[in-house]
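# Per-entry structural report
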Amino acid sequence: MKPHYSILIQWSDADQCYIASLPEFGAFAKTHGETYEQALRNAQTVLGLLVEETEPLPAPAVYEMTHPAA
């Protein structure tokens, strides 16, 4: 089973670019891009490298959708 990891992309006024964070891999696992799409591509590349090089792999954060009572 392929693990599913989070990518958080936010605009940075200070850097004037999009910052992509990979939270399961720690505070310094970040990249950036001039566009949202570029930041996502860069994050996917970094994530691939981290998955190859990190052992043991961190547990992925999993979002559990809760359904409201009917």
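Definitions and limits used
- One numbering rule holds for all chains: residues counted from 1, following each sequence as written.
- With the structure being a predicted model, the display of local features is reserved for residues of pLDDT at least 70 and the display and counting of side-chain atom pairs for 80 or more, all residues being used for whole-chain, interface and lining totals.
- Side-chain figures throughout are based on the complete set of non-hydrogen atoms in the structure, without hydrogens or water.
- By the convention used here, strands pair only if DSSP detects at least 2 bridges between them.
- The way it works is that DSSP assigns letters per residue, a run of H or I at least four long becomes a helix, a run of E at least two long becomes a strand, and they are numbered from the N terminus.
- To get an axis, fit a line to the C-alpha atoms, keeping to the stretch in contact for a helix; angles then go from 0 to 180 degrees between the N-to-C directions.
- Whether two residues are in contact is decided by their heavy atoms, any of which lying within 4.5 Å being enough.
- In summary, the pairing rule links any two rings of Phe, Tyr or Trp, Trp by its six-membered ring, whose centres are within 6.5 Å, and it sorts them by plane angle into stacked for under 30 degrees, edge-to-face for over 60 and tilted for everything else.
- Accessible area is worked out with a 1.4 Å probe on protein chains only. A residue is then buried under 20% of its type maximum, exposed over 50%, and partly exposed in between.

Strand order in the open sheet formed by 3 strands is E1-E2-E3, with antiparallel pairing between adjacent strands. Edge positions in the sheet fall to strand E1 (8-12) and strand E3 (30-33), since each has one partner strand and no second. Taken over all neighbouring pairs, the strand axes of this sheet differ in orientation by 30 degrees on average, direction set aside. Strand direction decides the pairing type here: E1 and strand E2 (residues 17-21), joined by 5 bridges, are antiparallel. Bridging across to E2, serine 12 finds its partner in cysteine 17. Of the strands in this sheet, E1, E2 and E3 are in contact with helix H1 (residues 36-53), which crosses E3 at around 150 degrees.

Taken as a whole and judged by the stated rule, the model has 3 aromatic pairs. When the ring of tyrosine 5 is compared with that of phenylalanine 25, the centres are 4.9 Å apart and the planes differ by 55 degrees; the resulting orientation is tilted. Residue tyrosine 5 is located in the segment before E1, and its partner phenylalanine 25 is located in the loop between E2 and E3; the two are separated by 20 residues in the primary sequence. No difference in accessibility class separates tyrosine 5 from phenylalanine 25, as the two residues are buried. With a centroid separation of 4.9 Å and 70 degrees between ring planes, the pair formed by tryptophan 11 and tyrosine 18 is classed as edge-to-face. Look at tryptophan 11 and you get partly exposed, because its relative accessible area is 40%. On the accessibility criterion, tyrosine 18 (24% relative accessible area) is partly exposed. Cluster of aromatic residues (ring-pair linked, three or more members): Trp11, Tyr18 and Tyr36.

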